[in-house]
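Chain by chain, the residues:
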Amino acid sequence: MSTDPVPASTPGDATPPLALRGVGKRYGSATALDDVSLHIAEGEIVGLLGHNGAGKSTLMSLVAGLLRPDAGEIEVLGVSTAREPRRARLRLGLAPQELGVYPPLTVRQNLRFFAELAGLRRREADRRIEEAAEPLGLADLLERRVGGLSGGEQRRVHTAMALLHRPKLLLLDEPTAGVDVETRARLIAHVRDLAAAGTAVCYSTHYLGEVEDLHASVAVLDHGRLVARGTITDLVRDHGDGAVELTFSGTPPPLRVPWPVTRADEMLRVHAREPHLAAPEVLAALGDSLPRLVNLRVLRPSLETVFLALTERPGAVASGLRHDVGSGEGPKPPTDRTVEAGRHA
């Protein structure tokens, strides 16, 4: 399968909302992004996946103009982020991982502040606040202090700030980290509605199920490089081998089976196209080690097995993945309230 980052285009789709071409970024001797090219089309949701330090947050910061690339070009709706940074920023909305809310202020005051940063006048700002508040379940919370809200409610306020100026490109960096089930459902539903109305969305997440719920295409970053780009169906077809995952008490035993085996800590993963058929032979091969087996999981070909196949290191199993591929990144620029405000402006 090709990892060409450019999705299938449609007539008139000459200027995508987001275009990265050969983008690179280093922090000292550490490479955060290496020759990354990625296009996102109008109305497309791209699920951006990667382990901790893969470069997801760095990519978002570069697109938003919070960092400058060391190589390559970035354009937002045809506007260069290097040559016209303010004009480019006004065409996008960013909700970063770190909450950028002011706890002493009410929800309405927070939203009005960011609306004014985006250049909206009072009457238009008030109209946009109502517009953004309703689908995110904030309409009844507008007069409450943000500091008195739950974590999930604060996350919704944080996301609403990025939507007030109706951006054509929306960058959501771990938008559901630490939120409740209701908030996650509201955010997922609203992102789908925004895409249906034509907004391009870059959605970084460590919950693989969210990418599936969003009906998103996928971009996988690994050590700063884009290693796969396509639909879930295509990626599962090309990379989604199944596996039998075995967890032991103590060091895993040697295992002689006719399939590749990777190992990390107390886990073995036996890679097989039809893992449900391989499982009985795998169990039989354990012999005297069977009593030390504490868990067995059959992984059918899926987005999870795609991610594992693309990002695992030889001889190691990605520990603790389940349906979670990590939530952090590598080095980040320092932040303060001024930077947080600029992220949404």
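Description of the structure in this document. (Residues numbered from 1 in each chain as written. Predicted model: local features only at pLDDT ≥ 70, side-chain atom pairs only at ≥ 80, totals over all residues. Heavy atoms only, no water.)

1. Digging into the overall build of the chain
- Within the chain one finds eleven helices and 14 strands.
- Buried positions account for 52% of the 345 residues belonging to the chain.
- A separation threshold of at least 6 residues defines the contact pool for the chain, and within that pool the share at least 24 residues apart is 72%. (Helix = DSSP H or I, 4+ residues; strand = E, 2+ residues; numbered from the N terminus. Buried < 20%, exposed > 50% of the residue type's maximum accessible area, 1.4 Å probe, protein only. Contact = heavy atoms within 4.5 Å.)

2. A short note on a nonpolar patch on the surface
- On the surface, Leu283, Leu290, Leu296 and Val298 cluster together into a nonpolar patch covering about 270 Å² of accessible area.
- Relative to the elements of secondary structure, Leu296 occurs in strand β14 (residues 293-299).
- Classification of Leu296 as partly exposed rests on a relative accessible area of 30%. (Patch = residues over 30% accessible without salt bridge, like charges linked within 9 Å, V, L, I, M, F, W, Y side chains within 5 Å. Areas by Shrake-Rupley, 256 points an atom, 1.4 Å probe, with all protein chains shown as cover. Salt bridge = Lys/Arg side-chain N within 4 Å of Asp/Glu carboxyl O.)

3. A look at the sheet that holds strand β9 (residues 217-222)
- Pairing is mixed across the open sheet formed by six strands, whose spatial order is β6-β7-β8-β3-β9-β10. The open sheet terminates on both sides in strands that have one partner only, identified here as β6 (92-95) and β10 (225-230). Ignoring which end each strand starts from, the neighbouring axes of this sheet average 15° apart.
- Note: strand β3 (residues 45-49) against strand β8 (residues 200-204), four bridges, orientation parallel. The residue of β8 that forms the bridge with Leu48 is Ser204.
- Helix α10 (residues 303-311) contacts β3, β9 and β10 of the sheet and is inclined by roughly 30° relative to β9. (Pairing = 2+ DSSP bridges. Axes fitted to C-alpha atoms, helices over the stretch in contact; angles between N-to-C directions.)

4. Comments concerning the packing of aromatic side chains
- Enumeration according to the criterion identifies three aromatic pairs in this entry.
- Arranged with centres 5.6 Å apart and planes meeting at 90°, the rings of Tyr102 and Phe113 form a pair that is edge-to-face. One end of the pair, Tyr102, is in the loop between β6 and α3 (107-117); the other, Phe113, is in helix α3, and eleven residues separate them in sequence.
- Seen in terms of ring centroids, Tyr102 and Phe114 are 6.4 Å apart; in terms of plane orientation they differ by 35°. Their pairing is tilted. With Tyr102 in the loop between β6 and α3 and Phe114 in helix α3, the pair connects residues that are twelve residues apart, well separated along the chain. For the pair Tyr102 and Phe114, one class covers both residues: buried.
- Cluster of aromatic residues (ring-pair linked, three or more members): Tyr102, Phe113 and Phe114. (Phe/Tyr/Trp six-rings, centres within 6.5 Å; stacked < 30°, edge-to-face > 60°.)

5. A look at unusual backbone geometry
- Of note, the phi angle at Asp35 is positive, near 55°, even though the residue is not glycine.
- Looking at the secondary structure, you find Asp35 in strand β2 (residues 30-40).
- The exposure class assigned to Asp35 is partly exposed, which follows from its relative accessible area of 49%.
- One non-glycine residue, Glu174, adopts positive backbone phi at about 50°.
- Within the fold, Glu174 resides in the loop between β7 (169-173) and α6 (181-196).

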